[in-house]
Amino acid sequence: MVFVPAIMGAGVVFSAATLVSDVLSHGTRTVLNRRARIHGRMVAATVIEPERPALVEATHPAPLPVVALVGSVAAAFGMYVAVGATGNYLRDGGYTHRIAWIWALSLLVVTSAFVLAAACLTLASHGDDSPPWLWAPLVTSPLLGLESVSTAEVGRARRARWLVVLAATSTTLLAALATWPHVLMPFDRRAADLFDANKLSVLDVLGEAAGSTWLTLVVAFGLGVGTVRCRRLAWVFISSVVVSFALTALIRWFVRRPRPLEGPFPGSPDSFPSGHLVQITLLAALVPLAVYELTGSKVLRRWSSVALAVIVGLAAISRINSGFHFATDVIAGIAIGLTVGSWGRLALLVPESHRACRRCRTASVTDGDLREVRHSSGVGERRPGHRGVIDVPDRAARFLRAGAIVSCLGSVALLSALGAADGLPRNPDGDWLTPVEGPAQIALLVMVVVGALAAFRWPAVAAVVIALSGVGLAVLSSVAHPPAVAVGVAAAFLTPAVALWVAWQRHETPRRIAGLALVTSTLLAGSWLVADATHAHFFGPTHPESPTIGFDDPAIEWAWSGAATDDGFHVVAMSKDDDRAVELRVRGGGDTIDIGPSVVTGRVHRFEVDGLDPATEYRYEFTADAAPTGVWTGTVRTFADDGAGDVTIAVSSCARTGSNGAVFDAIRAIDPDLYVITGDAHYSNIDRDNVTAFDRAYAKFLTAPAQAALYRSVPIAYVWDDHDYSGNDGDSSAASRPAARASYERNVAHHQLVSDRTINQAFSVNGVRLILLDTRSARVPGETLLGAEQLVWFENELLASSPTHDLVVVVTPTPWIGAASGTADTWAGFADERHRISQFIAEHRLDDVTIVGGDAHMVAIDDGTNADYSGTDGGAETPVLQAAALDRPGSVKGGPYSEGTFPGGGQFGVITVRRSADGVEVTLEGRRYDGEQLVGYTFNVER
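The rules behind these values
Residues numbered from 1 in each chain as written. Predicted model: local features only at pLDDT ≥ 70, side-chain atom pairs only at ≥ 80, totals over all residues. Heavy atoms only, no water. Pairing = 2+ DSSP bridges. Helix = DSSP H or I, 4+ residues; strand = E, 2+ residues; numbered from the N terminus. Axes fitted to C-alpha atoms, helices over the stretch in contact; angles between N-to-C directions. Contact = heavy atoms within 4.5 Å. Phe/Tyr/Trp six-rings, centres within 6.5 Å; stacked < 30°, edge-to-face > 60°. Buried < 20%, exposed > 50% of the residue type's maximum accessible area, 1.4 Å probe, protein only. Lys NZ or Arg CZ within 6 Å of the ring centre and 35° of its normal. 1 Å grid on protein atoms, 1.4 Å probe; cavity = no way out; pocket = protein on both sides within 12 Å on 5 of 7 lines; lining within 4 Å. Points joined across faces, edges and corners; volume = space filled by probe spheres on them. Nonpolar A, V, L, I, M, F, W, Y, C, P; charged D, E, K, R; others polar. Salt bridge = Lys/Arg side-chain N within 4 Å of Asp/Glu carboxyl O.

*Asks:* Explain the sheet that holds strand S16 (residues 807-812) residue by residue, including any values.
*Replies:* Strand order across the open sheet formed by 7 strands is S14-S15-S16-S17-S19-S18-S20, with mixed pairing between neighbours. Edge positions in the sheet fall to strand S14 (761-765) and strand S20 (901-903), since each of these pairs with one other strand and no more. Adjacent strand axes in the sheet meet at a mean angle of 15° when their direction is disregarded. Alignment of strand S18 (residues 858-862) against S20, held across 3 bridges, turns out to be antiparallel. In the sheet register, Ala860 faces S20, and the bridge partner there is Thr901. The sheet contacts of helix H25 (residues 788-801) involve S14, strand S15 (768-772), S16 and strand S17 (849-853), and relative to S15 the element is tilted by about 175°.

In structure tokens:
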């Protein structure tokens, strides 16, 4: 509620302070003298050279793109204030409701902004031929100034401008990438590993002090007092500090990147950029100028720059070493400091701004040197045929154009070959985008070729076509590949597009250059936002990342355990090298057991451990070539004897491929006896018979640090759903079915599979029977979900398990509850089969059954009243728990659920069985990554 008024209020305060200061210090003489000198020069220029534009001859305009930018900002600001002020005046409850004088002042500001915008845009579009009516408003503006600087100062100005452009571009790029944390995180982690916190702790004091706010303010005040020779420097420094604070706050609000979890402010959303480095870099840019003003020594100015640059570097290392910021936060802070500092240095090179200074060294060159400087430096003159922003020789322009064409065609050929070999990138959710994404990618590749051919005659059009097609391809690639790949695709086409633009602009008018740049940048910005939204939807985390450190075993790439019983378990692991002899050592209960691999397929090793004690924790490690690695890889707790003690089972599904979300830490924190994955362990959507592709998908999520830590501490049971079996809504006809089955048998520690077609299985955990259904391998749309063989097996399992167990948990990746629909991908699409199962439960009075589902991105619980599809009154009221999504966007399927639905990511379910003399108490819960219970339901099962 205070955001807009605070900004407006701050602007009014600073503007008022500036006006009051100017009036008190200089009155109106400075402005009048300046206008008089400019008009005098205009008269002289007109008399001496009538054919030359008098305004340009008498003054040195700012670069026309800068003038256009100022005009655009002024127009946008005027429109914003006009709409906001009018709306708040007319709207009940608005900030200025019924306060007409504030509205009137706002409209006066709006008028001034529009006048400035009109003047700037007219000057930018007409250039040297600007109409005379512009002279009056612009001669008092800093956009026009009297140039009386030396050739050296002109060189400094050019360097400062390029530094501003490079630093501002770097800041913008880093800020955009910071919204895609997966792009920056690998670099940040490698950078953090370079430093030793203990050895470099002495730098932390320097980093904390050098960039502190109080030091910046003290230095600013000292410079304001000390630089009496150059009042301009004092004001530039103070305003630069204010601007840098505002920029830092604005970017932090936009990016909201969490700080490193191992630092002193873990998770605080203000990591990007580093405010300390912004201020230190700003000091390094401007303090040497103050040293020069006070001492007149260029040697001291140079060495102070070197010393401050060293301090910037040490402070940067300190902020990374201490865990305050990531490396890219520090780099962005330096870039912002350079941007603002370079603008400040550039502002000091406007001679007219130093008229009120006393013996100022920066503006020591007299006005009489103006014409000599122009002819010697080229400032104010344009060589014949050159009209663009960047001066490019003809030979270089031809080279840029040819290189751009060859680069585009090469990139198209490479992407086409990759698409033919591995298939085009496909969106994992199989939604509305699926039918068009393939043709769209092909069309965009064709457009790039068309643009490359058009570059021979229409380079400007070609640059826009190639740039937009490249960004479009990057957006579509981001649905199936990490952001770094999308950035690489965009760069492959944006680079030649920029080269074509540079070659084209050298003979064009500023108006056409600015117009093309505005159109292109607007379209690219929109495309970038779409890419960002696409990445956030398909790959972005839905909750905070886990701080868990990655598993590092010298012999093993990944490992997990499963098929646990009361006397044993299985371990599956992949070695880092081929043809390596890997064995397993198990220790616990006073025993040490060495086991050789029973099955070895390539680099994947399977170990079966049996003969263990019930309810006992065992640790396991690997030996490579008969040598212990010295790393205890994981732990497994065997199940208790049937009916002995309580049981805790965690269950969930639906994680983006390779997710490292904090939800996996939350599951590990409850220390369950078993973790059940009910499908969609990854979203690779492999729709071809390629075992290697499935193996890569397993490796990707099994090596994610948080997931790896969970799987090394809890035995798992896993059955697939569509996205980790084939693709969206996959069924028995999927081409990937043989490869999915082969890879599952190779990589998963599973219980005995009862069929060579499906992966359904059943096992017991401390008197609780779990029946895992395969709802994909035998599915025939419109006919059957389980297939005849699995359906009969399921009914037999229900009959056999209910009398001998305290609770029967049916695990179905496909949601159970929902109104019958022939097209639904859930049990609602197979209403007859669901009716048969529900009727079977009612007929045999199986009142100890509960159903657990996945797929739907929500946690939800029903007490059984909505789950009875038997057609009898209360005959099959089986409680239902929907448990998802681990790390996918929230969604709701089916229902209703008596206890409510809670869509979202970072969620999981918990089944707790507590035994007493009176019977069995079962609690179903839906929890969040921070441990909060979203929904819960408790019921009793009589023995």
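*Asks:* Explain the packing of aromatic side chains to me, using residue names and the numbers behind them.
*Replies:* For the structure on display, the rule yields 14 aromatic pairs. Both rings, one in Tyr620 and one in Phe622, keep their centres 6.1 Å apart while their planes meet at 80°; by these two values the pair is edge-to-face. Just as Tyr620 is buried, Phe622 falls in that class too. Among the aromatic residues, those joined into a cluster by ring pairs are Trp560, Tyr698, Phe701, Tyr711, Tyr718, Trp720, Tyr725 and Tyr744. The ring of Phe324 carries Arg319 above its face, with NZ or CZ at 4.1 Å from the centroid. The ring of Tyr683 has Arg888 lying over it, and the distance from NZ or CZ to the ring centre is 4.3 Å.

*Asks:* Please set out empty space enclosed by the protein residue by residue, giving values where relevant.
*Replies:* Applying the stated criterion to the full structure yields 3 cavities of 30 Å³ or more. Put simply, the second largest cavity is a space of about 50 Å³. Leu773, Phe794, Leu798, Val810, Thr812, Trp816, Trp827, Ile837, Ile841, Val849 and Ile851 are the residues that line the second largest cavity. Secondary-structure elements contributing two or more residues to the lining of the second largest cavity are H25, S16, helix H26 (831-843) and S17. Partitioned by chemical class, the residues of the lining of the second largest cavity number 10 nonpolar, 1 polar and no charged.

*Asks:* Please provide a residue-by-residue account of the pattern of salt bridges, values included.
*Replies:* Overall, the coordinates contain 23 salt bridges when judged by the stated rule. A salt bridge links Glu921 to Arg914, with the shortest nitrogen-to-oxygen separation between them at 3.9 Å. Look at Glu921 and you get partly exposed, because its relative accessible area is 32%. Measuring nitrogen to oxygen at the nearest pair gives 2.9 Å for the salt bridge that ties Glu932 to Arg928. Given a relative accessible area of 39%, Glu932 falls into the partly exposed group. Three or more residues joined by partner-sharing salt bridges are found here, namely Asp721, Asp722, Arg776, Arg779 and Asp825.

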